[in-house]
Amino acid sequence: MGDNSTQGCEAKNSLSRENSMPKAATTFSAQREETNVIMVPKDLDSDRGRDLKEFPLIGVKLEWFTQFIAECGGRDALAAMTTSDMCEKFVKPRTEAAQVSLCEMLAADPKTTSFVSSRATHFISHAWASPFLETVAAIENFFSEKVPNEVAESAVLWFDLVSNCQHGVSSHDFDWWTGVFMNAIKNIGNVVMVMHPWKNPTPLQRAWCVYELLSCIQTDSKFHVALSESEHEKCLNELCENSGQFLTFLGTIKSEASQAGKIEDKEAIHSVIHSTVTFTVMDSHIFRVFENWMVFAMKRRIDGLSPTSDSDAMIRLQIARLQQGLGRLYKNLSKFTEAHLQLTISLSVYTDLLGREHPTTISALQTLAELYSLQGRYTEAENVYVNALEDYRRVLGNTHRETLVCMENLAAVYRLQGNTTDAEVLSEEAFRHQSATQGEADNIVTMNSLAVTYFSQRQHQKAEALYVKALEAGRRVLGSSHHDTITIMNNLAMFYESQGKYEEAEALNIEALEQYRRTLGNSHMGTLQSIDTLASLYVSQEKYDKAEALYIEALEGRRREIGNSHPDTLESVNNLALLYKYQQKYRDAESLYIEAVDGTRQTMGSSHHNTVTFLCNLALLYQAEGKTKEAEERFLEAISGRDPVPGKNKPALLHAMKCLGVFYGEQGRLMDAYELLRDGTEGALKVLGTDDPDTVALRNNFLLSLWSLGMFYKEEGMLVEAAKFLRESADEAAKFLGTSHPDTLEMEREAAIARNLLVEADK
């Protein structure tokens, strides 16, 4: 970009083992979040199959299951049986003669009629291949922990095993069933999906269960998830041990891969979903509800534990473990205030009971640093990471997995502050140890981290090689839907955009954004970064209308989710201003640039590379408007913190020096231009290398300044100065362009003329 915006300069979602997680809705039973109108297919729009007489909403009360299990031989006898087994062994034989549903038989019997109601309140979505007792346990657990007693007592369950007649089911065609499902769920109003097992729920692998969820979304019914107590415990324990388990869950769930007993049913269901809400919306809806369930479950477990005194260390540690897990979850859901409270409390307990150098305490310290980094509090994050890394090195050693994770995370914070030198040292150390001691999955994360560092240092060949290798391994080992793989896709897309490989960049960016929206939702920080990245690509392609819509979505989302002063929000402000400048909407661009400059200077400091970049961009805007006084003031602010040692200059500062040098040249201030461009070129050669685009731009403008000065002095008759600068321009051109380059030859010719004129003048 001509204005050197920060789009694509830093991979904002740099991978760590404590990556951010999806944004939660406000209640654990979410209504459909989308506000757009979803059209029902025409074949579902008729009254056919909607007559309730064809599909009675009869259901059973919760307590009936206890009696039914006892009648069938008890829990031990049924332990290995699926719901399908229960149908074949018990339900079908009992209803064979009457050819009715089991509910209808129960209603006709005075002894069991109290268990039945003609108006179901909850539709149970489950997999017939799952253990029957596990399904029942999940339903019981749902009503015992998530629903008020009065609601649970009056709940009536539409459970297909007993509510449907199990005879002649296959005689109905697909259109009949889709109409029935849509109408039934609309009238019932609640869908409870049994998520068993929690990591890869079987119902989401079955097309008809997915269709039930579609019906729930299209009819604005409430969607809930249910886990048995045993699955509940597994889920909480694994999330407390490693919050990355939820990332694995997100990567595993893909309703588009669901199957049906009949291939034509699967194809018909998938076709309907594609033409209405899309699978992306379906999966996102599931994830948001499950996130809220996790928060609810952890808070409920914490509230259920209460130490009898301060000396009850075991209970206090159990609570601290859950609080740390909840804090990580809040952090990953971008609920930073709630996360900070839980993480600081758990850290205090660990420090008090286990000591500062216990690995659990150090882990809690690192998690707090991750929170600070996500909040854009980079100085605080750096300080905490440095302490945690020192503790890890001393307690666990340099090659332990946790030590290496801490190295990568600290390197990411260094990058975000423009300290690429220290970032490279840490990233390379982590990569070296990781490759020698850890598994391939861990190494994927480390490769991405090092690639981001190389990219920020303009070491493009190294960066591309690592990005490509990391993405290949991510797809193969983790899967294309895993959060880490998606992040690498987005990072590689940014890299390709910077290299002008727009076709490759767009394909990866669109794939990454689709996966982000599906798994993390539209408001997650990773999703918003991917939106911003795609907008940047469209700006590079001059597709300004597409870019504007995406930039506005990213900016509005960041303002809402992380606030106006967060570094990511301010980058979105800058990027939208850049677009408005290209569209010549100068007034809109100016107000946004000023906001970006003021906000970044306040939060990051005057010498931060983003502050320098945003000031330079504002100066370029004023220059385009002809406001030379304001332009020079902003340029001077941008370079005011430059290091007197050229080799220590950073890319953003070097770019600002080039822009001010060009500005001075256009103003006729040739000596000022020459001095700035000379210093900038020396710095770029040391920092960026010979072939970097910014080095080439600085070098070319430096040569132009030499040539312009020489020709100016020649025209003014100042032949000593003319001979000096024209000779220098020819020598520099020979060094940079080669002795046979046309520009070099022209400069040699003018240098010879100046020298001859000087000799003649001396005579």
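This text goes with the structure placed above it.
(A) Seen up close, the packing of helix H33 (residues 719-737) against helix H34 (residues 742-762). Where H33 meets H34, the axes come as close as 8 Å, and the angle between the chain directions of the two elements is 155°. Relative to H34, H33 is oriented roughly antiparallel. Once H33 is placed against H34, the crossing between them reads as left-handed. Residues Leu719, Val720, Ala722, Ala723, Leu726, Arg727, Ser729, Ala730, Ala733, Ala734 and Leu737 of H33 touch H34, and the partners they reach there are Asp743, Thr744, Met747, Glu748, Glu750, Ala751, Ala754, Arg755, Leu757, Leu758 and Ala761. Of the residues contributing to the contact of H33 with H34, the split by class is 15 nonpolar, 2 polar and 5 charged.

(B) Here's a closer look at unusual backbone geometry. Proline 197 follows histidine 196 through a cis peptide bond whose omega is -10°. Mapped onto the elements, proline 197 comes out in the loop between strand E5 (190-194) and helix H9 (207-218). In the Ramachandran plot, arginine 458 falls in the positive-phi region, its phi being about 65° despite a non-glycine side chain. Within the fold, arginine 458 resides in the loop between helix H20 (440-456) and helix H21 (460-478). For arginine 458, a relative accessible area of 21% corresponds to the partly exposed category. The phi angle at glutamine 584 is positive, at roughly 65°, despite the residue not being glycine. One can find glutamine 584 in the loop between helix H26 (567-582) and helix H27 (586-604). Exposure remark for glutamine 584: the relative accessible area of 60% places this residue in the exposed category.

(C) Here's a closer look at the nonpolar core. Ranked by internal contacts, the top residues of the largest apolar core, which has 185 residues, are Met195, Phe223, Phe249 and Phe290. It is helix H13 (residues 278-303) that contributes the most residues to this core, 13 residues altogether. What methionine 195 contacts, discounting residues up to four positions off in sequence, is Pro201, Leu204, Val225, Ala226, Leu227, Phe249, Ile286 and Phe290. In terms of nonpolar packing, the next biggest core, distinct from the first, is built from 37 residues, Ile58, Leu78, Phe142 and Val194 among them.

(D) Here's a closer look at the pattern of salt bridges. Overall, the coordinates contain 45 salt bridges when judged by the stated rule. One salt bridge connects glutamate 633 with arginine 634, and the closest N-O pair in it is separated by 3.7 Å. Since its relative accessible area comes to 18%, arginine 634 is described here as buried. Here arginine 727 ties to glutamate 748 by a salt bridge, and the two come within 2.8 Å at their closest N and O atoms.

(E) Just the packing of aromatic side chains, in detail. For the structure shown, the criterion picks out 19 aromatic pairs. An angle of 80° between the planes, with centres 5.5 Å apart, marks the rings of phenylalanine 65 and phenylalanine 159 as edge-to-face. Within this pair, whereas phenylalanine 65 is found in helix H1 (residues 64-71), its partner phenylalanine 159 is found in the loop between strand E4 (156-158) and helix H7 (160-163), the two being separated by 94 residues in sequence. The two residues phenylalanine 65 and phenylalanine 159 agree in class, both being buried.

(F) Expanded view of the sheet that holds strand E2 (residues 116-117). Taken together, the 6 strands give an open sheet; going across it, the order is E2-E1-E4-E3-E5-E6, and neighbouring strands pair in mixed fashion. Taken across any chain shown, the strands that pair with only one partner, and hence form the sheet edges, are E2 and strand E6 (222-226). Pairing of strand E1 (residues 59-61) with E4, which is carried by 2 bridges, proceeds in the antiparallel orientation. Each residue of the ladder has a partner; that of lysine 61, found in E4, is valine 156.

(G) Quick look at the environment of alanine 470. By the secondary structure assignment, alanine 470 is in helix H21. Residue classification places alanine 470 among the buried positions, given a relative accessible area of 0%. Once the C-alpha coordinates of alanine 470 and alanine 412 are considered, the two residues, 58 residues apart in sequence, prove to be 17 Å apart. When near neighbours in sequence (up to four residues on either side) are disregarded, alanine 470 contacts Ile444, Met447, Asn448 and Ile488.

(H) Broad picture of the state of the cysteines. This model, assessed by the stated rule, comprises 0 disulfides. In this model cysteine 72 remains outside any disulfide bridge; the closest cysteine sulfur is found in cysteine 87, 12 Å from its own. Look at cysteine 72 and you get buried, because its relative accessible area is 8%. Looking at the unpaired cysteine 87, the closest cysteine sulfur is the one in cysteine 165, lying at 9.8 Å. Relative accessible area serves as the criterion here: at 2%, cysteine 87 is assigned to the buried category.

(I) Layout of H20. With 17 residues, H20 should reach 24 Å at 1.5 Å per residue; the first-to-last C-alpha distance of 24 Å fits that figure. The buried fraction of H20 amounts to 15 of the 17 residues, a majority that puts the element mostly inside the structure. A positive phi of about 65° marks arginine 458, the residue just after H20.

Definitions and cut-offs
Residues numbered from 1 in each chain as written. Predicted model: local features only at pLDDT ≥ 70, side-chain atom pairs only at ≥ 80, totals over all residues. Heavy atoms only, no water. Axes fitted to C-alpha atoms, helices over the stretch in contact; angles between N-to-C directions. Helix = DSSP H or I, 4+ residues; strand = E, 2+ residues; numbered from the N terminus. Parallel < 35°, antiparallel > 145°, perpendicular 65-115°, else oblique. Left-handed = near helix turned anticlockwise from the far one by under 90°. Contact = heavy atoms within 4.5 Å. Nonpolar A, V, L, I, M, F, W, Y, C, P; charged D, E, K, R; others polar. Buried < 20%, exposed > 50% of the residue type's maximum accessible area, 1.4 Å probe, protein only. Core = buried A, V, L, I, M, F, W, Y, C linked by side-chain atoms within 4.5 Å. Salt bridge = Lys/Arg side-chain N within 4 Å of Asp/Glu carboxyl O. Phe/Tyr/Trp six-rings, centres within 6.5 Å; stacked < 30°, edge-to-face > 60°. Pairing = 2+ DSSP bridges. Disulfide = S-S within 2.5 Å. Expected span 1.5 Å × (residues − 1).

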